[in-house]
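# Observations on chain architecture
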Amino acid sequence: MSTVERFHRCISGTVPALAALVLPLAGCETLSLSDEARHAVRQVSVSPRVAATGTYSGDLQELDFPTRSSQYYAYPITAPIGMVLDLVDMGKNKRRKESMFQRRLQGDGVEVATIVRQNFSVKLAEAKLFDAVLAEGGDARFDLEVDYGLAEGWGSEGIWTPWLEVRGTLRDANANVLWRRSATISSGDNRLPRSDHPLRQSGYLEKAYSRAASILTEDLIAHLKGAS
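Quantities reported herein were computed from a predicted structural model and do not represent experimental measurements. The residue numbering used here restarts from 1 in each chain and proceeds along that chain's sequence as written. Where totals are concerned, whole chains, interfaces and linings use all residues; where local detail is concerned, this predicted model gives features only for residues with pLDDT of at least 70, and gives and counts side-chain atom pairs only at 80 or more. The basis for every side-chain value is the complete set of heavy atoms in the structure, and neither hydrogens nor water enter the calculation.

## Describing the packing of aromatic side chains
Two numbers describe a pair of aromatic rings. These are the distance of the centres and the angle of the planes. To pair, rings of Phe, Tyr and Trp, with the six-membered ring standing in for Trp, must have centres within 6.5 Å; the planes then decide the type, stacked if under 30 degrees apart, edge-to-face if over 60, and tilted in the middle. Taken as a whole and assessed by the stated rule, the structure comprises 7 aromatic pairs. Considering the side-chain rings of Phe 142 and Trp 179, the 5.7 Å spacing of their centres and the 75 degrees angle between planes classify their relative orientation as edge-to-face. Here the residue Phe 142 occupies a position in strand 4 (residues 140-152), and Trp 179 occupies one in strand 6 (residues 177-185), the gap between them amounting to 37 residues. Each residue is assigned to one of three classes by its accessible area relative to the maximum for its type, calculated with a 1.4 Å probe on protein chains only: buried under 20%, partly exposed between the two thresholds, exposed over 50%. Given a relative accessible area of 0%, Phe 142 falls into the buried group. Numbering of helices and strands starts at the N terminus; helices are DSSP runs of H or I of at least 4 residues and strands are runs of E of at least 2.

## Thoughts on the nonpolar core
Among the nonpolar cores identified, the biggest contains 50 residues, and Val 112, Leu 124, Phe 130, Phe 142, Leu 164, Leu 170 and Tyr 209 are the most heavily contacted of them. Those elements that provide at least two residues to this core are strand 1 (43-46), helix 4 (90-107), helix 5 (112-127), strand 4, strand 5 (160-172), strand 6 and helix 6 (204-225). No other element matches the 11 residues that helix 6 contributes to this core. Contact partners of Leu 124, with chain neighbours within four places excluded, come to Val 44, Val 46, Leu 129, Phe 130, Val 133, Phe 142, Ile 221 and Leu 224. Here, nonpolar core means buried Ala, Val, Leu, Ile, Met, Phe, Trp, Tyr and Cys residues that are tied together by side-chain atoms lying within 4.5 Å of each other. Note on contacts: a residue pair qualifies if any of its non-hydrogen atoms lie within 4.5 Å across the two residues.

## Describing the pattern of salt bridges
Salt bridge, as used here: a side-chain nitrogen of Lys or Arg that lies within 4 Å of a carboxyl oxygen of Asp or Glu. Using the criterion set out here, one finds 12 salt bridges in the structure. Between Arg 68 and Asp 89 there is a salt bridge whose closest N-O contact spans 2.8 Å. Placement of Arg 68 in the loop between strand 2 (51-57) and helix 3 (79-88) and of Asp 89 in the loop between helix 3 and helix 4 is noted, with a sequence separation of 21 residues between them. Overall, Asp 89 belongs to the buried group, its relative accessible area being 7%. For Arg 167, the salt bridge identified is with Glu 165, shortest N-O distance 3.4 Å. Each of the salt bridges in this network shares a partner with another, and the network as a whole consists of Glu 145, Asp 147, Glu 165 and Arg 167.

Read these as spatial facts, not as claims about activity.
The structure is reproduced here in structure tokens:
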């Protein structure tokens, strides 16, 4: 890979890659479940609506698209023009990549928000922290937010791993926040599977995000129990 190509990859992947590192640090404030709330809330539900945003950093051939800068990378003498255009169009190109990535996952039947909600609902019921986990209603409701992505390893080009952040909030019937927790697993975590063809390997992304969701859900449940 030429120096120009390496710089181009760096520019195009910088923002989403940094997002995967910064988002966990910018998560919502943690709030433990008080003893008073623990005794008052006996029946809970998990909202069916999960806010989710997905992105990826790097270059996937299946999600490639022409940019204003593309033509300028054909020759070293014009490459600086392409680099400037990449910087100018960074936000627009990032949003387009996000949209294409999310549409591709949906087309493959991989719903990260659904995977997270199902994992959380099942483990919440198994934990028996409350008398019942209802389909809706109850004394309080859990709301989930999800940020997820796919990142190409810095030191091993072509090897991809997922990352996931889940934010959980428990609110009572008056919308008062009783509990809040954010949990993150980065793309560098060795517990997650890796792939050199994440969109071509059947079942990989569903398996990877299911594994990530399981790990984070255990963290959230442990905090609910007061174990962390």
